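An overview of the molecular structure
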Amino acid sequence: MMQPIKPESFRDLVSSGAVKSATIRGQKGGYAVLACVGMQQRPLGTRTGAVRLFSTADTAIKLLRGLGVYHAKLDMTHYEAGSLRPARPDIARKNREANAALEHDRWFRDQVVSTKAKIERGEMRLIPHDEFWDGIEAYARELVAKRDVDNKAVKGKAPASHRKAG
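Thresholds applied
- Residues numbered from 1 in each chain as written.
- Predicted model: local features only at pLDDT ≥ 70, side-chain atom pairs only at ≥ 80, totals over all residues.
- Heavy atoms only, no water.
- Helix = DSSP H or I, 4+ residues; strand = E, 2+ residues; numbered from the N terminus.
- Rg over C-alpha atoms; globule rule 2.2 N^0.38 Å.
- Buried < 20%, exposed > 50% of the residue type's maximum accessible area, 1.4 Å probe, protein only.
- Contact = heavy atoms within 4.5 Å.
- Areas by Shrake-Rupley, 256 points an atom, 1.4 Å probe, with all protein chains shown as cover.
- Salt bridge = Lys/Arg side-chain N within 4 Å of Asp/Glu carboxyl O.
- Core = buried A, V, L, I, M, F, W, Y, C linked by side-chain atoms within 4.5 Å.
- Pairing = 2+ DSSP bridges.
- Patch = residues over 30% accessible without salt bridge, like charges linked within 9 Å, V, L, I, M, F, W, Y side chains within 5 Å.
- Expected span 1.5 Å × (residues − 1).
- Phe/Tyr/Trp six-rings, centres within 6.5 Å; stacked < 30°, edge-to-face > 60°.

**Digging into the overall build of the chain**
Summing up its helical and strand segments, the chain has 4 helices and 5 strands in all. Ordered by position from the N terminus, the helices and strands of the chain form the series α-β-β-β-β-α-β-α-α. Here the C-alpha atoms of the chain give a radius of gyration of 35 Å, more than 25% beyond the 15 Å that 2.2 N^0.38 yields for 166 residues. Taking the principal axes of the C-alpha coordinates as reference, the chain spans close to 100 × 55 × 25 Å. Counting the 166 residues in the chain, one finds 16% classified as buried. Considering only residue pairs separated by 6 or more positions, the chain has 59% of its internal contacts joining residues 24 or more positions apart. Of the roughly 13100 Å² of accessible surface on the chain, a fraction of 56% belongs to carbon and sulfur atoms.

Structure, rendered in structure tokens:
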């Protein structure tokens with residue numbers, strides 16, 4: 001294959017009308033874009049000078065449309081399915097965590113909106129701060145009292161090893 005065209009040069013060639021046609025060529029793991037400049041076919045490259053590969057024909061089409069190339073051929077003769085890049089489980093995990101955080105945020109916001117609507121309709125009331133904490137403290141006292149009663153009941157029983165078989 002010939003020397004790749006850097007993205008800036010490709011953009012300039014398209015805008016000047018020097019690119020007569022383009023071909024999206026399938027190959028192992030993806031697609032390359034070939035530009036017909038004069039009598040030569042040259043691949044679109046990266047800024048570093050390597051041939052740019054697209055994981056799907058759709059991404060190559062979007063790039064060509066964005067540059068103003070509206071007619072292109074698709075050659076899938078040598079296309080082989082594959083991946084251009086190795087899997088990134090760390091990125092996948094971060095994406096799952098970000099999606100979970102977004103979902104929780106949506107849920108929380110829905111809860112706030114729902115509660116505000118119930119308050120406005122009179123289906124729910126706001127509990128004043130002191131009343132709320134008085135209720136919490138009373139509940140805590142009940143739990144402590146229940147625990148103390150249960151502990152006394154347990155202490156009053158003989159261990160199972162000392163009980164007589166009945």
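**Considerations on the pattern of salt bridges**
Summed over all chains, the structure comprises 10 salt bridges. In this structure, Asp-75 engages Arg-25 in a salt bridge whose closest nitrogen and oxygen atoms are separated by 3.6 Å. Remark: Arg-25 occurs in strand β1 (residues 19-27) and Asp-75 occurs in strand β5 (residues 72-75); sequence separation between them is 50 residues. Here Arg-25 falls in the partly exposed class, since its relative accessible area comes to 24%. Where Arg-125 meets Glu-131, a salt bridge forms, and the shortest distance between an N and an O atom there is 2.6 Å. Judged by its relative accessible area of 52%, Arg-125 falls in the exposed class.

**Comments concerning the nonpolar core**
One finds Phe-10, Ile-24, Val-33 and Leu-64 to be the most contacted residues of the largest nonpolar core, which totals 16 residues. Of all the secondary-structure elements, those providing two or more residues to this core are α1 (7-16), β1, β2 (30-37) and α2 (57-67). Considering every element that reaches this core, the biggest residue donor is α2, with 4 residues. Among all residues touching Leu-64, those that are not within four sequence positions of it are Phe-10, Ala-22, Ile-24, Val-33, Val-69 and Ala-72.

**A few points about the pairing of β2**
The side chains of a regular strand alternate between both faces of the sheet. Where burial is concerned, most of β2 is hidden: 7 out of the 8 residues are buried. The sheet contact formed by β1 and β2 spans 8 bridges and is antiparallel. When the bridges of β2 are listed, Val-19 appears paired with Val-37. Remark: 2 residues form the turn of the hairpin made by β1 and β2, two consecutive strands paired antiparallel; Gly-29 in that turn has positive phi of roughly 85°. By the bridge criterion, 4 bridges tie β2 to strand β3 (residues 40-43) in an arrangement that is antiparallel. Paired with Cys-36 across the strands is Gln-41, a residue of β3. In textbook terms, the turn of a hairpin is the stretch between consecutive antiparallel strands, and for β2 and β3 this stretch comprises 2 residues, one of which, Gly-38, has a positive phi near 65°.

**Some details on a nonpolar patch on the surface**
On the surface, a cluster of nonpolar side chains totalling about 380 Å² of accessible area is made up of Ile-127, Phe-132, Trp-133 and Ile-136. By secondary structure assignment, the location of Ile-127 is in the loop between α3 (89-121) and α4 (129-156).

**A look at α3**
Since the α-helix packs 3.6 residues into each turn, any two residues three or four apart lie on the same face. Here α3 is 33 residues long and its end C-alpha atoms lie 48 Å apart, about the 48 Å a rise of 1.5 Å per residue gives. With its phi angle positive at about 85°, Gly-122 sits one or two positions after the end of α3.

**Things to note about the packing of aromatic side chains**
What the rule picks out here adds up to 2 aromatic pairs. A centroid spacing of 4.9 Å and a plane angle of 15° characterise the contact between Tyr-31 and Tyr-79, whose relative ring orientation is stacked. Note that Tyr-31 is positioned in strand β2 and Tyr-79 in the loop between β5 and α3, a separation of 48 residues in sequence. Using a relative accessible area of 30% as the deciding quantity, one classes Tyr-79 as partly exposed. Between the aromatic rings of Phe-132 and Trp-133, the centroid separation amounts to 5.3 Å while the plane-to-plane angle is 80°, which identifies the pairing as edge-to-face.

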